[in-house]
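Structural description and commentary
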Amino acid sequence: MQFIDEVKIHVQSGHGGAGCVSFRREKFIPFGGPDGGDGGKGGDIIFTVDPNLSTLMDLRYRPHLKAGRGKNGMGKDRHGANGEDLTIPVPPGTIVKDAETGEILADLIEPGQTVILLKGGRGGQGNARFTTSTNRAPKFAQPGEDEEERWLRLELKLMADVGLLGFPNVGKSSFITKVSAARPKIADYPFTTIKPNLGVVPYKNYRSFVVADIPGIIEGASEGAGLGHRFLKHVERTNILLHLIDLSWIPDRDPIREYETLNRELALFSPELARKEQIAVINKIDLPVVRENLPPVMAWFQERGIKVFPISAATGEGIPPLLDEIARHLWGAAEEEW
Ligand SMILES: Nc1nc2c(ncn2[C@@H]2O[C@H](COP(=O)(O)OP(=O)(O)OP(=O)(O)O)[C@@H](O)[C@H]2O)c(=O)[nH]1
Ligand SMILES: [Mg+2]
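First, a word on scope: everything that follows refers to the structure included in this document. (Residues numbered from 1 in each chain as written. Chains lettered and ligands numbered in written order. Predicted model: local features only at pLDDT ≥ 70, side-chain atom pairs only at ≥ 80, totals over all residues. Heavy atoms only, no water.)

A closer look at the nonpolar core
In terms of nonpolar packing, the biggest core is built from 65 residues, with Phe47, Leu154, Phe175 and Leu242 touching the most fellow members. Among the elements that line this core, the one with the most residues is helix α6 (residues 319-331), at six residues. Residue contributions to this core reach at least three from each of two domains, namely domain 1 (1-156) and domain 2 (162-331). For Leu154, the residues in contact, after removing those within four places along its chain, are Asp5, Glu6, Val7, Ile9, Phe47, Leu56, Leu59, Val90, Thr94, Ile95 and Val96. The next biggest cluster of nonpolar side chains, apart from the first, holds 14 residues, and it includes Ile245, Tyr259, Leu294 and Val297. (Core = buried A, V, L, I, M, F, W, Y, C linked by side-chain atoms within 4.5 Å. Buried < 20%, exposed > 50% of the residue type's maximum accessible area, 1.4 Å probe, protein only. Helix = DSSP H or I, 4+ residues; strand = E, 2+ residues; numbered from the N terminus. Domains from an automatic or database assignment. Contact = heavy atoms within 4.5 Å.)

Structure below.
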């Protein structure tokens, strides 16, 4: 499925139905009283969070959305039918902005969360409502109230507890595959992942947390190198970042220099994101070359007070203590300590 995280749409609520001018017509009663009913209310434009959605793709193909018009009132005091509301389902993490001003109108996070974004016009009152002692036969009724319309910009920022960061090929997708039911593509070439993936990680005591795997970031991503850095927005709402490192590239590449490079790219994207807590994760420790190079790299992180965990996404080695550390961060304690 295509992953779309930005769309521009035009929404319009329903016009209110007009009130009716009508007089009772009955046999043997020459001048019946007024009996024009009220118009119906126009439909609202409503947004609701559907947890089964993970993209804004559906809206890309429906850029103009309208709620129903209220029906006009009718004779015999009949009320016009209300226009149908239009409910637009969006994935959790959708931010609704005014397309012109950029003002945030709604941040839709919790499944089932609902907001009425545009109100339908009120229905006009029928002439029956305007009878007074001096005017027993009013020949006027109210028109329905106007609809509202607006251009909106929808931006999806995925909701996850933990974000995965790293150069291409470090094993981000392999990690999410090992710890969750997510099955993104894994391959030994860069930029295998071209859209974010979410995975639910079952932890002890029936707890779970959500991990976001995003495309790899390279030097110059802020200037568009590789897939650029726009996907970083999908880890902005996480609580903690796992920064994956691959030592199997030594001596061709310097993983510590690349670790620093990636953090610089992070800061260029958002200083706030760069301040988010990180755990360094050295992957692929099942490989002899990684084991050989491990001690000095571990020392480098430890000297700087940076938490570091050696793991193998392939064999699972080292992953349980990493999950405990994530749990401590998310809930204040790992399972053993509760
Ligand atoms: N030996 C070994 N290989 C691994 C491990 N984790 C990942 N790999 C391999 O490394 C390569 C890249 O893995 P991916 O999971 O696709 O890496 P990625 O970080 O998601 O890469 P991009 O999506 O391109 O950014 C694949 O060939 C994996 O099989 C590991 O723990 N041990
Ligand atoms: Mg990947």
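Quick look at the sheet that holds strand β4 (residues 86-90)
Spatially, β4-β2-β7 is the arrangement adopted by the three strands of the open sheet, whose pairing is mixed. Of all strands in the sheet, those with a lone pairing partner are β4 and β7 (114-118), marking the two edges. Across the sheet, the axes of successive neighbouring strands diverge by a mean angle of 30°, strand direction being ignored. Judged from the four bridges that link them, strand β2 (residues 45-49) and β7 form a sheet pairing that is antiparallel. When the sheet's bridge partners are listed, Phe47 is paired in β7 with Val115. (Pairing = 2+ DSSP bridges. Axes fitted to C-alpha atoms, helices over the stretch in contact; angles between N-to-C directions.)

Section: the coordination of the magnesium ion (ligand 2)
For a metal with four donors in a tetrahedral arrangement, the ideal angle between donors is 109.5 degrees, while six donors in an octahedron ideally sit at 90 or 180 degrees. Each protein donor to the magnesium ion (ligand 2) is listed here as Ser173 (OG) and Thr193 (OG1); together their distances run 1.9 to 2.1 Å. Residue Ser173 is found in helix α2 (residues 172-179), and its partner Thr193 is found in the loop between α2 and β10 (197-202); the two are separated by 20 residues along the sequence. Grouping residues by exposure puts Ser173 and Thr193 together as buried. (Donors = N, O, S within 2.8 Å, 3.2 Å for Na, K, Ca; no water.)

Observations concerning the site of ligand 1
Near ligand 1, the surroundings consist of 23 residues, among which Lys172, Ser174, Phe191, Thr193 and Asp286 are the closest. In the environment of ligand 1, an oxygen atom lies 2.6 Å from a nitrogen or oxygen atom belonging to the side chain of Ser174. Within the contact set of ligand 1, an oxygen atom lies 3.3 Å away from a backbone nitrogen or oxygen of Gly216. Against a free-state accessible area of 650 Å², the protein chains account for coverage of 86% of ligand 1. (Near = heavy atom within 4 Å. Polar contact = N/O pair within 3.5 Å; in protein donor to acceptor, adjacent residues only side chain to side chain. Areas by Shrake-Rupley, 256 points an atom, 1.4 Å probe, with all protein chains shown as cover.)

Concerning the pairing of strand β9 (residues 162-165)
When a strand is regular, its side chains alternate between the sheet's two faces. Side-chain alternation along β9 places Val162 and Leu164 on one buried face and Gly163 and Leu165 on a second face that is also buried. Bridge count between β9 and strand β11 (residues 208-213): three bridges; the pairing is parallel. Bridge pairing in β11 links Leu164 to Asp213. Where β9 and strand β12 (residues 240-246) come together, four bridges link them in parallel fashion.

Some thoughts on the packing of aromatic side chains
Per the stated rule, a full pass over the model turns up six aromatic pairs. Ring geometry for Tyr259 and Phe301: centres 4.8 Å apart, planes at 90°, overall edge-to-face. With Tyr259 in helix α3 (residues 255-269) and Phe301 in helix α5 (residues 288-303), this pair connects stretches of sequence that are 42 residues apart. On the accessibility criterion, Tyr259 (7% relative accessible area) is buried. Where Trp300 meets Phe301, the ring centres are 5.0 Å apart and the plane angle is 85°; that geometry is what we call edge-to-face. Phe301 gets classed as buried once you look at its relative accessible area, which sits at 1%. Here the aromatic cluster, defined as three or more aromatic residues joined through ring pairs, consists of Tyr203, Phe209 and Trp331. In this arrangement the basic side chain of Lys8 is found over the ring face of Trp151, its NZ or CZ atom lying 5.2 Å from the centre. It is Arg230 that lies over the ring of Phe231; its NZ or CZ is 5.0 Å from the centre. (Phe/Tyr/Trp six-rings, centres within 6.5 Å; stacked < 30°, edge-to-face > 60°. Lys NZ or Arg CZ within 6 Å of the ring centre and 35° of its normal.)

Section: the side chain of Thr193
Given a relative accessible area of 10%, Thr193 falls into the buried group. In terms of polar contacts, Thr193 uses its side chain to reach the side chain of Ser173, at 2.8 Å. Look past the residues within four positions of Thr193 in its chain and what remains in contact with it is Ser173, Lys185, Asp213, Ile214, Pro215 and Leu227.

Description of the environment of Leu262
Following the sequence through the fold, Leu262 ends up in helix α3. According to the relative accessible area criterion, Leu262 is buried, its value standing at 2%. Discounting residues that sit within four places of it in the chain, Leu262 has contacts with Leu165, Gly166, Phe167, Ile217 and His243.

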